[in-house]
Amino acid sequence: MSSTGLFISFEGIDGAGKSTHIEALAQAFAQQGRQVTLTREPGGTPLAEKLREMVLHDAMDSLTESLLVFAARRDHLQQVIEPALARGDVVLCDRFTDATFAYQGGGRGFDLTVLRQLEAWVQTSAHGLRQPDVTVWFELDPAIAAQRLAAARVPDRFESQPVAFFQAVSDGYAARAEADAARFVRLNAAQAREAVWAQLHASLVQRGWLSA
Ligand code: TMP
């Protein structure tokens, strides 16, 4: 749990449509008088954004990829997330460690034991193991996501992967959600945008994080 702030991460395969909802949620929290820190991974600090460019565009093996996303996360936690939570902010983070378990662990098939070790090293602070208070998972059939992505931007190293990769990523998310069900809000991202938003808003109201 965060000491005073609220830490929410957003997850899902590429094309699941997280971004507009994260923006809307930032506005909803701000309207209720909360300070909001809106950030993303890999990224969120100058150093982590440089690492993001490498991870998204340079060829590398999956251990290197895992080390870089965790190096970016360490800097991000120290420079942005922990100070924001200590101030009492709502931190809305577009992806966090579940993405590493889903993409490097599920998609790339990298060793989960090593990932768990890196998670413990990078996320342990005086408060214990830092995890989001809530993780919103936008669940979408990889075939539908692929159709959405085909019409979008020039793909990076992940977006250009075949549907089977994203199925493995989804399985990685499912395993994380099962292991820590209380932390996860699962949204059906195949619904119309308004319906996804209604489900997201209601789930946070129900948990007492947002007022109706
Ligand atoms: P984004 O496009 O949602 O900002 O995410 C960037 C890409 O990086 C996305 O394809 C997922 C991938 N990624 C990982 O592979 N491992 C990670 O730990 C994170 C945070 C993202």
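Predicted model only: the values in this text are computed from it and were never measured.

Draft legend 1. Layout of the pattern of salt bridges. Applying the stated rule across the entire model yields 14 salt bridges. Notably, a salt bridge pairs Glu41 with Arg73, separated by 2.5 Å at the nearest N-O pair. Remark: Arg73 occurs in helix α3 (residues 62-87) and Glu41 occurs in the loop between β2 (36-40) and α2 (46-57); sequence separation between them is 32 residues. For the pair shown, Glu41 and Arg73 are each scored as buried. With its nearest N and O atoms 3.0 Å apart, the salt bridge here joins Arg87 to Asp89. A cluster of three or more residues bridged by salt bridges with shared partners is formed by Asp98, Glu119, Arg176, Asp180 and Arg183.

Draft legend 2. Looking closely at the site of the ligand. Near the ligand lie 14 residues; those nearest to it are Asp14, Arg52, Arg95, Thr100 and Gln104. When the ligand sits alone it has 470 Å² of accessible area, and the protein chains cover 95% of it. If you list the elements that add at least two residues to the shell around the ligand, you get α2, α3 and α4 (97-107). Per-element accounting of the shell around the ligand gives the leading share, four residues, to α4. Split by residue class, the shell around the ligand holds six nonpolar, two polar and six charged.

Draft legend 3. Representation of the packing of helix α6 (residues 142-150) against helix α7 (residues 163-179). One way to put it is that α6 packs onto α7 with a least axis distance of 9 Å and a crossing angle of 125 degrees. Classified by the interaxial angle, the pair formed by α6 and α7 is oblique. The handedness of the crossing between α6 and α7 is right-handed. Only Val163, Phe166, Gln167 and Ser170 of α7 make contact with α6, whose side of the interface consists of Pro142, Ala143 and Ala146. Its residues placed into classes, the contact of α6 with α7 shows five nonpolar, two polar and no charged.

Draft legend 4. Structural detail: the packing of aromatic side chains. Applying the stated criterion to the full structure yields seven aromatic pairs. An angle of 80 degrees between the planes, with centres 5.0 Å apart, marks the rings of Phe7 and Phe96 as edge-to-face. Of the two residues, Phe7 sits in strand β1 (residues 6-11) while Phe96 sits in the loop between β3 (90-94) and α4, which places them 89 residues apart along the sequence. Assigned by exposure class, Phe7 and Phe96 land together as buried. Ring centres of Tyr103 and Tyr173 lie 6.5 Å apart, and the angle between their planes is 85 degrees; this geometry places the pair in the edge-to-face category. Taken together, the residues Tyr103 in helix α4 and Tyr173 in helix α7 connect sequence positions 70 residues apart. Note on Tyr103: relative accessible area 5%, which makes it buried. Using a relative accessible area of 0% as the deciding quantity, one classes Tyr173 as buried.

About the thresholds
- Residues numbered from 1 in each chain as written.
- Predicted model: local features only at pLDDT ≥ 70, side-chain atom pairs only at ≥ 80, totals over all residues.
- Heavy atoms only, no water.
- Salt bridge = Lys/Arg side-chain N within 4 Å of Asp/Glu carboxyl O.
- Helix = DSSP H or I, 4+ residues; strand = E, 2+ residues; numbered from the N terminus.
- Buried < 20%, exposed > 50% of the residue type's maximum accessible area, 1.4 Å probe, protein only.
- Near = heavy atom within 4 Å.
- Areas by Shrake-Rupley, 256 points an atom, 1.4 Å probe, with all protein chains shown as cover.
- Nonpolar A, V, L, I, M, F, W, Y, C, P; charged D, E, K, R; others polar.
- Axes fitted to C-alpha atoms, helices over the stretch in contact; angles between N-to-C directions.
- Parallel < 35°, antiparallel > 145°, perpendicular 65-115°, else oblique.
- Left-handed = near helix turned anticlockwise from the far one by under 90°.
- Contact = heavy atoms within 4.5 Å.
- Phe/Tyr/Trp six-rings, centres within 6.5 Å; stacked < 30°, edge-to-face > 60°.

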